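Survey of secondary and tertiary structure
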Amino acid sequence: MGAPARPNDLYSEKTDPMTDQPPVSYAGPQRVVSGVQPSGALHLGNYLGALVKFARLQHQIDTFIFVADMHAVTVWQDPALLAGQTREIAAAYLAAGLDPSKATIFPQSAVTAHAELGWIFQCVARLGWLDRMTQFKEKSGKHKERSSVGLYTYPVLQAADILVYKATQVPVGDDQKQHLELTRDIAAKFNHDFDRPGFFPLPEAMTEGPGARIMSLRDGSAKMSKSDPSDNSRINLTDDADTIAQKIRKARTDPEPLPETLEELKARPEADNLVGVYGALADMTKAQVLAEFGGQGFGAFKPALADLAVAKLGPVSDAMRRYLADPAEIDRILGAGAERARAAAAPTLDEVRKIVGFWR
Ligand code: TRP
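Residues numbered from 1 in each chain as written. Predicted model: local features only at pLDDT ≥ 70, side-chain atom pairs only at ≥ 80, totals over all residues. Heavy atoms only, no water.

**Here's the deal with the pattern of salt bridges**
According to the stated counting rule, one finds 16 salt bridges in the structure shown. With its nearest N and O atoms 2.8 Å apart, the salt bridge here joins Lys-286 to Asp-272. Of this pair, Lys-286 sits in helix 12 (residues 286-293) while Asp-272 sits in helix 11 (residues 269-282); the two residues are 14 residues apart in sequence, bridging distant segments of the chain. The class of Asp-272 is buried, set by a relative accessible area of 18%. The closest approach of N and O atoms between Asp-318 and Arg-321, which form a salt bridge, is 3.0 Å. You can see Asp-318 and its partner Arg-321 sitting in helix 13 (residues 298-324), three residues apart, about one turn around the helix. (Salt bridge = Lys/Arg side-chain N within 4 Å of Asp/Glu carboxyl O. Helix = DSSP H or I, 4+ residues; strand = E, 2+ residues; numbered from the N terminus. Buried < 20%, exposed > 50% of the residue type's maximum accessible area, 1.4 Å probe, protein only.)

Given below as structure tokens:
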């Protein structure tokens, strides 16, 4: 069969990308799926943008949160360290308030259905779609031909992570929007090619909310990132109080006092970022933060922010350390979560095997 090109390059969440019509409605339950890779230390951006959001969602909707160890190995990971890194992310989930009796928390690699559905999706996704993925271009750099094939097909596995649970909402950072578009394309093409309208939902990225875009402390135009060579660019979840205070003191700013209005704030990325961090930590809008600090200099604002950050993050890193002191308990939680995840994924895979026509 000829490979139909994606009919519409202009992505819209309101249309089915195969038909350009409103999508056939998906009748299944609402579900949330997301994951974080166990590579490198977690920072404030991950905490506010992902973990806190997950913990909030678990009270509203059936939530599956995994540790993306299969995605981590798309670049080299030391086998002696990987399982420990996986426990560390799990400890951070728990410390941030994810509750294993509410959310299903598990290691991705423990649920082989992700890989199985991932293969089928590799046969659904088109090369042209993957060629457009900007994250691969960034991560592979100049030496594309030396990258793993897995790094290239990474977003196809991500689609399987999401659709194996028929998730409808996916809380992720801005940088994952394109991968969610691909997920929708894959879902739509599967439904279309196998003539099963509405079989997979077309999941939506949830990228909004306080803490959605926490920027580097050294450069207000770059996202806070674990791969930034400067440790001063980020606040790690494991930083102690002195380190947090010092990093905030050194954070890049301009010489002006904080503005009174959001309009003026927009033109000053570093100030905007620190106001955003304050707001996310204090559960205040940026406007509320400006109402309190507008007109004051950074000499007053930075110490207030440092105190707040220490007060909010201290208990999280303490809790993380407590969990990590008992790896057997973490393993018990991950094992139980994996069992629940396998049970949730199995029916999708059974149906997919039938739909595709595999022998059984
Ligand atoms: N690619 C995501 C990131 O780097 C991690 C991830 C893998 C993910 N699979 C996922 C996120 C499925 C949401 C849903 O942040």
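Back to the text.
**Re the pairing of strand 2 (residues 62-67)**
Most of strand 2 sits out of view: five of its six residues are buried. Across six bridges, strand 1 (residues 31-36) lies against strand 2 in parallel orientation. Across the sheet, the residue bridging to Arg-31 is Asp-62, located in strand 2. (Pairing = 2+ DSSP bridges.)

**Description of the site of the ligand**
In the vicinity of the ligand, the residues found are Ser-34, Gly-35, Gln-37, Phe-66, His-71, Tyr-154, Gln-158, Asp-161, Ile-162, Val-170, Val-172 and Gln-176. Within the side chain of Asp-161, an N or O atom sits 2.7 Å from a nitrogen atom of the ligand. One of the side-chain nitrogen or oxygen atoms of Gln-176 is found 3.0 Å away from a nitrogen atom of the ligand. Look at the ligand: alone it shows 360 Å² of surface, and the protein chains cover 89% of it. (Near = heavy atom within 4 Å. Polar contact = N/O pair within 3.5 Å; in protein donor to acceptor, adjacent residues only side chain to side chain. Areas by Shrake-Rupley, 256 points an atom, 1.4 Å probe, with all protein chains shown as cover.)

**Points about the packing of helix 9 (residues 241-250) against helix 13**
Packing of helix 9 against helix 13 leaves a shortest axis separation of 9 Å and a crossing angle of 150 degrees. Where helix 9 crosses over helix 13, the two elements pack in a sense that is right-handed. Contacts from Ala-241, Ile-244, Ala-245, Ile-248, Arg-249 and Lys-250 in helix 9 reach Lys-302, Leu-305, Ala-306, Ala-309, Val-310 and Leu-313 in helix 13. (Axes fitted to C-alpha atoms, helices over the stretch in contact; angles between N-to-C directions. Left-handed = near helix turned anticlockwise from the far one by under 90°. Contact = heavy atoms within 4.5 Å.)

**Considering the packing of aromatic side chains**
Throughout the structure, instances matching the rule amount to 15 aromatic pairs. Ring centres of Phe-66 and Phe-106 lie 5.8 Å apart, and the angle between their planes is 40 degrees; this geometry places the pair in the tilted category. Residue Phe-66 is located in strand 2, and its partner Phe-106 is located in strand 3 (residues 104-107); the two are separated by 40 residues in the primary sequence. Both residues of the pair, Phe-66 and Phe-106, count as buried. For the pair Phe-190 and Phe-200, a centre-to-centre distance of 5.0 Å together with 70 degrees between the ring planes defines the contact as edge-to-face. (Phe/Tyr/Trp six-rings, centres within 6.5 Å; stacked < 30°, edge-to-face > 60°.)

**Side note on the packing of helix 11 against helix 13**
At their nearest, the axes of helix 11 and helix 13 sit 10 Å apart, and the two run at 40 degrees to each other. Along this stretch, helix 11 crosses helix 13, giving a crossing that reads as left-handed. Within the contact between the two elements, helix 11 uses Ala-271, Leu-274, Val-275, Val-277, Tyr-278, Leu-281 and Ala-282 and helix 13 uses Phe-298, Phe-301, Lys-302, Ala-304, Leu-305, Leu-308, Ala-309 and Lys-312. By residue class, the composition of the contact of helix 11 with helix 13 is 13 nonpolar, no polar and two charged. (Nonpolar A, V, L, I, M, F, W, Y, C, P; charged D, E, K, R; others polar.)

**Remarks on helix 8 (residues 177-193)**
The terminal C-alpha atoms of helix 8, which comprises 17 residues, lie 24 Å apart, in line with the 24 Å expected from a rise of 1.5 Å per residue. The buried fraction of helix 8 amounts to twelve of the 17 residues, a majority that puts the element mostly inside the structure. All of the buried residues along helix 8 are His-179, Leu-180, Leu-182, Thr-183, Arg-184, Asp-185, Ile-186, Ala-187, Ala-188, Lys-189, Phe-190 and Asn-191. Note on helix 8: the residue one or two positions beyond its end, Asp-195, has a positive phi of about 55 degrees. (Expected span 1.5 Å × (residues − 1).)

**Details of the environment of Asp-161**
Assignment of secondary structure puts Asp-161 in helix 7 (residues 149-163). Exposure remark for Asp-161: the relative accessible area of 1% places this residue in the buried category. Residues Asp-161 and Ser-34, 127 residues apart in the sequence, show an inter-C-alpha distance of 8.2 Å. Once you skip the residues sitting within four places of it in the chain, Asp-161 turns out to touch Val-33, Phe-66, His-71, Gln-108 and His-114. Looking at Asp-161, its side chain comes within polar contact range of the side chain of His-114, at 2.8 Å.

**What about the nonpolar core?**
Leu-51, Tyr-93 and Phe-301 are the most contacted members of the largest nonpolar core, which totals 54 residues. Counting residues per element, the ones that place at least two in this core are helix 1 (44-57), strand 2, helix 3 (79-95), helix 9, helix 11, helix 12, helix 13 and helix 14 (327-356). If you tally residues by element for this core, the top one is helix 13, at ten residues. No fewer than three residues from each of domain 1 (31-212 + 327-356) and domain 2 (231-324) sit in this core. When near neighbours in sequence (up to four residues on either side) are disregarded, Tyr-93 contacts Gly-35, Val-36, Leu-51, Phe-54, Ile-65, Phe-66, Val-67, Leu-98 and Ile-105. Of all hydrophobic cores here, the second largest spans 46 residues; its members include Leu-130, Ala-159, Tyr-165 and Ala-344. (Core = buried A, V, L, I, M, F, W, Y, C linked by side-chain atoms within 4.5 Å. Domains from an automatic or database assignment.)

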